[in-house]
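# Structural features, examined
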Amino acid sequence: MSVTAETLCTAFRGERRLAAGDALSVARALRALRAALEAEPDGPPVLVFEDATGKAVDLDLRGSDEEVAWRLSPPPRGPGRPKLGVVAREVTLLPRHWEWLNAQPGGASVALRKLVDEARKGSEAKDRVRRAQEAAYRVMLELAGDRPGYEEAVRALYAADRARFDALTADWPADLRDYVRALAAEALVNLNEGG
C-alpha cells in the first residue's frame, strides 16, 4: 500500500513523538520543524510510521507544500472497473481450478470474490489481532528494541497479556509507550475477550 495524503501516520525522533495525523499534516509539521531538527544534526533520525501497519514510511518533504501534497496524491487507477474499485491482477491456478471457477454462476471473477469475502468474514477477528500485533511489534522493534523489558513486552504482546504488557512498558518514555499501547490495543482486547 502506498502512502497517500489521508494515510494516518505518526512521526518520531528517537522516543519523542513529533507529529501525528494524516500523512499530509505530518509532512507539513515536519517541514515546519525542519530548522529545529537540523539544529541537532547528531540527534536520532526522524522516523514516520504508518499507524495501520507500523511500517516505516518515507515522506518526501522536498519542494513546496503543494509539491509535497501532489506527491501524496493517490496514483491513477490502472485497468479494471475504477468506479467500482475493481482492480485487474493476475491469478495463477491449476486447470482444474479454472474449470471449477468458470462453471460457477457469474464466472470466475464472481466466484473468487465470493470465496474471498467468505474467508475474510471467517477470519476477520483473527486478522485484526494479527495486524495489531504486527504493527505494534514493528514500532517496538524500531524504537524500543534496546529498552529494558523489550523482549518480555513482545512476548506479552503475542500472549495477549495486557497487564504484563502495560507493566513492562510503564517506564518507557510517554510518547513511545502511548503509541505502542494504542497500536497493540486491538490485539490485547480481542484475544483477552476471546474475539
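Okay, so let's go over this structure. For every chain, the first residue of the written sequence is number 1, and numbering continues from 1 along that sequence. Residues qualify for local features only when their pLDDT is at least 70, as the model is predicted, and side-chain atom pairs are given and counted only at 80 or more; totals for whole chains, interfaces and linings, by contrast, use all residues. Side-chain numbers here rest on the full set of heavy atoms in the structure, without hydrogens or water.

## A look at the pattern of salt bridges
Two side chains with opposite charge may pair up if their charged atoms get near one another. Salt bridges, as used here, are contacts in which a Lys or Arg side-chain nitrogen is within 4 Å of a carboxyl oxygen on Asp or Glu. In total, this model carries 15 salt bridges according to the counting rule given. Residue Glu186 is joined to Arg128 by a salt bridge in which the shortest nitrogen-to-oxygen separation is 2.9 Å. Of this pair, Glu186 sits in helix H8 (residues 174–192) while Arg128 sits in helix H5 (residues 124–144); the two residues are 58 residues apart in sequence, bridging distant segments of the chain. Classification of Glu186 by relative accessible area gives partly exposed; the value is 35%. Three exposure classes are used, based on accessible area relative to the maximum for each residue type with a 1.4 Å probe and protein chains only: buried under 20%, partly exposed in between, and exposed over 50%. The exposure class of Arg128 is partly exposed, given its relative accessible area of 29%. The partner of Arg155 in a salt bridge is Glu151, and the shortest N-O contact between them spans 4.0 Å. One end of the pair, Arg155, and the other, Glu151, are both in helix H6 (residues 150–159), 4 residues apart, so they sit about a helical turn from each other. Among the ionic contacts, a cluster of salt bridges with common partners joins Glu151, Glu152, Arg155 and Arg164. Helix numbering and strand numbering both begin at the N terminus, where a helix is a DSSP run of H or I of at least 4 residues and a strand a DSSP run of E of at least 2.

## Considerations on the packing of aromatic side chains
A pair of Phe, Tyr and Trp rings is counted when the ring centres sit within 6.5 Å of each other, with Trp represented by its six-membered ring. The angle between the planes then sorts it: under 30 degrees is stacked, over 60 is edge-to-face, the rest tilted. If you walk through the whole model with that rule in mind, you get 3 aromatic pairs. Here Phe12 and Phe49 contribute two aromatic rings whose centre-to-centre distance is 6.4 Å and whose plane-to-plane angle is 70°, an arrangement assigned as edge-to-face. A residue pair is termed long-range when its members are at least 10 positions apart, and Phe12 in strand S1 (residues 8–13) and Phe49 in strand S3 (residues 46–50) qualify at 37 residues. Judged by its relative accessible area of 1%, Phe49 is buried. For the ring pair Tyr137 and Tyr158, a centre distance of 6.3 Å and an interplane angle of 65° mean the geometry is edge-to-face. Remark: Tyr158 occurs in helix H6 and Tyr137 occurs in helix H5; sequence separation between them is 21 residues. Aromatic ring contacts, followed pair by pair, group Phe12, Phe49 and Tyr179 into a single cluster.

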